[in-house]
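# Architecture at a glance
The chain contents come next:
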Amino acid sequence: MAYWLFKTEPQVFGIDDLAAIHPKSEPWDGIRNYQARNLLRDQVAEGDEVFIYHSSCAQVGIAGLARVASAAYVDPDQFDPESKYYDPKAEQDTPRWYRVDVVYQRTLDKLIPLKLLKQQEALVDMVLLKQGRLSVQPVRQEEWDYILTHLA
DNA sequence: GCCAACGTTGGC
DNA sequence: GCCAACGTTGGC
């Protein structure tokens, strides 16, 4: 079992939206970055645990927990000219983009701010702090445990 | 294959 | 809204 951090803009779809549809799962769509795509397609597995991270908003940080509810599958939006995620270069037999489904697990009592994460000596190697722009990123077991034990 | 131009992400 | 980081595109 592995741990991940998924970014989302809460004004578009945040932890509250995920909670509202629980116990239904939500397709985590719109991943259009190759590094994130490769992680999704090749490494994210059903049952993995996920930090839901709110970005581009007033309160930036880890807002809650979710669980991966499906292995990666082809994101149909890439073939839909009406979709904002349409990719004219994607072919049916050689899809470019994938997505997984996630299901709500819980909302943290208090969002863990990015600022607080940055202050932790134990977290200096977190992908989030080293490579800010990746929208699907691995979290090491010890980072996961540290965050939930000391910061949540 | 290099690299400049350009576009996007995302914190502030 | 600004700007740094960085991914992608396209000319050569």
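Residues numbered from 1 in each chain as written. Chains lettered and ligands numbered in written order. Predicted model: local features only at pLDDT ≥ 70, side-chain atom pairs only at ≥ 80, totals over all residues. Heavy atoms only, no water.

## A short note on the protein's contact with DNA strand C
As a matter of local geometry, DNA strand C sits amid Asn33, Tyr34, Lys89, Gln131 and Arg133. Restricting attention to atoms of DNA strand C within 4 Å of the protein, one finds that 58% of them are sugar or phosphate atoms. Here Arg133 contributes a side-chain N or O atom positioned 2.5 Å from a base oxygen of DNA strand C. Its residues assigned to classes, the surface near DNA strand C shows one nonpolar, two polar and two charged. (Near = heavy atom within 4 Å. Polar contact = N/O pair within 3.5 Å; in protein donor to acceptor, adjacent residues only side chain to side chain. Nonpolar A, V, L, I, M, F, W, Y, C, P; charged D, E, K, R; others polar.)

## Looking at the packing of aromatic side chains
This structure, assessed with the given rule, holds five aromatic pairs. Ring geometry for Tyr3 and Trp144: centres 4.6 Å apart, planes at 35 degrees, overall tilted. Remark: Trp144 occurs in helix 6 (residues 141-151) and Tyr3 occurs in strand 1 (residues 3-8); sequence separation between them is 141 residues. Taking the centre distance of 5.7 Å and the plane angle of 40 degrees together, the rings of Phe6 and Trp28 count as tilted. A residue pair is termed long-range when its members are at least 10 positions apart, and Phe6 in strand 1 and Trp28 in strand 2 (residues 25-28) qualify at 22 residues. Here the two residues Phe6 and Trp28 agree in accessibility, since each one is buried. (Phe/Tyr/Trp six-rings, centres within 6.5 Å; stacked < 30°, edge-to-face > 60°. Helix = DSSP H or I, 4+ residues; strand = E, 2+ residues; numbered from the N terminus. Buried < 20%, exposed > 50% of the residue type's maximum accessible area, 1.4 Å probe, protein only.)

## A short note on the environment of Asp109
Here Asp109 shows up in strand 6 (residues 98-113). Sequence-wise, Asp109 and Glu121 are twelve residues apart; in three dimensions their C-alpha atoms are separated by 23 Å.

## Observations concerning the pattern of salt bridges
Oppositely charged side chains are able to pair whenever their charged atoms sit close together. The final tally for this structure, using the stated rule, is seven salt bridges. A salt bridge links Arg41 to Asp42; its shortest N-O distance comes to 2.9 Å. By relative accessible area, which is 35% here, Arg41 ends up partly exposed. Several salt bridges share partner residues, and in doing so they unite Arg32, Asp75 and Arg99 into one network. (Salt bridge = Lys/Arg side-chain N within 4 Å of Asp/Glu carboxyl O.)

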